[in-house]
Amino acid sequence: MRQATWETIWMTALSMIIVAIVGIILGLLLFESHNKKGIGWKILNWIISFFVNVFRSIPFIILIVLLLPFTRDLVGTIIGPKAAIPSLVISAAPFYARMVEADFREVDSGVIEAVKSMGGTNWDVIFKVLLPESTPALIAGGTVTAISLISYTAMAGAIGSGGLGYLAYLDGFQSNNNTVTLVSTVIILIIVLIVQTIGDLIVKKTDKRSL
């Protein structure tokens, strides 16, 4: 049980770090290319939107199966916690990217224009306006995504990824041991509550409106 708990935490933490980086980049590209003129920007927006919409729509358990050849080539195996990371990232990053795009759209356009009028570059807008102003929303979205990843790790356990989901399925369900299933479920619930609590506290600390 201890090993399975650690595997669930490890899979969630590592995949969430990658999802945050990829999701913010994709969300930023979607935001920047949405209203830009020029065929290049429109093609870029269409390609990213297509990728995000497709992978966000595929049920996770099906996505795992579809990505088995890719996972084998990337990490050298299709079982164990390491093998679950590609599927976790590819399923959650598009979901988070859409939230990032929406968060950037909520930033006051007047502030962005003010920075540009003072000679600010696009990098200034990104690092001095978009990211700071949307930090609470980005963290809140990241918390929701992390909780989704925890549930995904449980589903991935059905095909041998390890973690509490695998323990609940193999040693609980298949062995007709309801105690193992119940304890695994309770631990997952506790992890979710801890993640939600930490996320809420960080959002409260970073939200200027609560200061």
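An unreviewed UniProt entry lists the chain under the name ABC transporter permease, with Apilactobacillus timberlakei as the source organism. Per its UniProt entry, the chain bears the Sequence similarities (unreviewed entry) comment "Belongs to the binding-protein-dependent transport system permease family." Annotation of the chain in UniProt includes, under Subcellular location (unreviewed entry), the sentence "Cell membrane".

Novice: Explain the packing of helix α4 (residues 68-75) against helix α5 (residues 81-105) residue by residue, including any values.
Specialist: When two helices pack together, their arrangement is given by the angle between the helix axes and the distance between those axes. At a minimum axis separation of 9 Å, α4 and α5 run at an interaxial angle of 125°. By the angle between their axes, α4 is oblique relative to α5. Relative to α5, the crossing made by α4 is right-handed. Of α5, the residues touching α4 (which contributes Phe70, Thr71, Leu74 and Val75) are Lys82, Ala83, Pro86, Ser87 and Ile90. Looking at the contact of α4 with α5 residue by residue, the class counts come to six nonpolar, two polar and one charged.

Novice: Outline the packing of aromatic side chains, listing residues and values.
Specialist: Summed over the entire model, instances satisfying the criterion amount to five aromatic pairs. The interplanar angle of 20° and the centroid separation of 5.9 Å between the aromatic rings of tryptophan 123 and phenylalanine 127 together place this pair among those described as stacked. Of this pair, tryptophan 123 and phenylalanine 127 both sit in helix α7 (residues 122-156), four residues apart, roughly one helical turn. Grouping residues by exposure puts tryptophan 123 and phenylalanine 127 together as exposed.

Novice: Can you break down the UniProt feature "domain: ABC transmembrane type-1" (unreviewed entry) in the chain residue by residue, with the values?
Specialist: With numbering matched to this structure, UniProt assigns "domain: ABC transmembrane type-1" (unreviewed entry) to residues 5-199. Secondary structure within residues 5-199 divides into 85% helix and 0% strand; the distance between the first and last C-alpha atoms comes to 20 Å.

Novice: Explain the pattern of salt bridges to me, and be specific about the residues and the numbers.
Specialist: Applying the stated criterion across every chain yields a total of three salt bridges. The residue glutamate 101 makes a salt bridge to arginine 98 at a minimum N-O spacing of 2.8 Å. With glutamate 101 and arginine 98 both in helix α5 and three residues apart, the pair spans about one turn of that helix. Residue classification places glutamate 101 among the buried residues on the basis of a relative accessible area of 8%. When the shortest N-O distance is used, the salt bridge between arginine 105 and glutamate 101 registers 2.8 Å.

Novice: So what's going on with the packing of helix α8 (residues 163-173) against helix α9 (residues 178-206)? Residues and values would help.
Specialist: Closest axis-to-axis distance for the α8/α9 pair is 8 Å, and the angle between their directions is 165°. With respect to α9, the element α8 is oriented roughly antiparallel. Classified by chirality, the crossing of α9 by α8 is left-handed. Where α8 abuts α9, its residues Leu164, Leu167, Ala168, Asp171, Gly172 and Phe173 lie against Val180, Thr181, Ser184, Ile187, Ile188 and Ile191. When grouped by side-chain class, the residues that make up the contact of α8 with α9 number eight nonpolar, three polar and one charged.

About the criteria used
- Residues numbered from 1 in each chain as written.
- Predicted model: local features only at pLDDT ≥ 70, side-chain atom pairs only at ≥ 80, totals over all residues.
- Heavy atoms only, no water.
- UniProt positions renumbered as here; feature names shortened; annotations may be inferred.
- Axes fitted to C-alpha atoms, helices over the stretch in contact; angles between N-to-C directions.
- Helix = DSSP H or I, 4+ residues; strand = E, 2+ residues; numbered from the N terminus.
- Parallel < 35°, antiparallel > 145°, perpendicular 65-115°, else oblique.
- Left-handed = near helix turned anticlockwise from the far one by under 90°.
- Contact = heavy atoms within 4.5 Å.
- Nonpolar A, V, L, I, M, F, W, Y, C, P; charged D, E, K, R; others polar.
- Phe/Tyr/Trp six-rings, centres within 6.5 Å; stacked < 30°, edge-to-face > 60°.
- Buried < 20%, exposed > 50% of the residue type's maximum accessible area, 1.4 Å probe, protein only.
- Salt bridge = Lys/Arg side-chain N within 4 Å of Asp/Glu carboxyl O.

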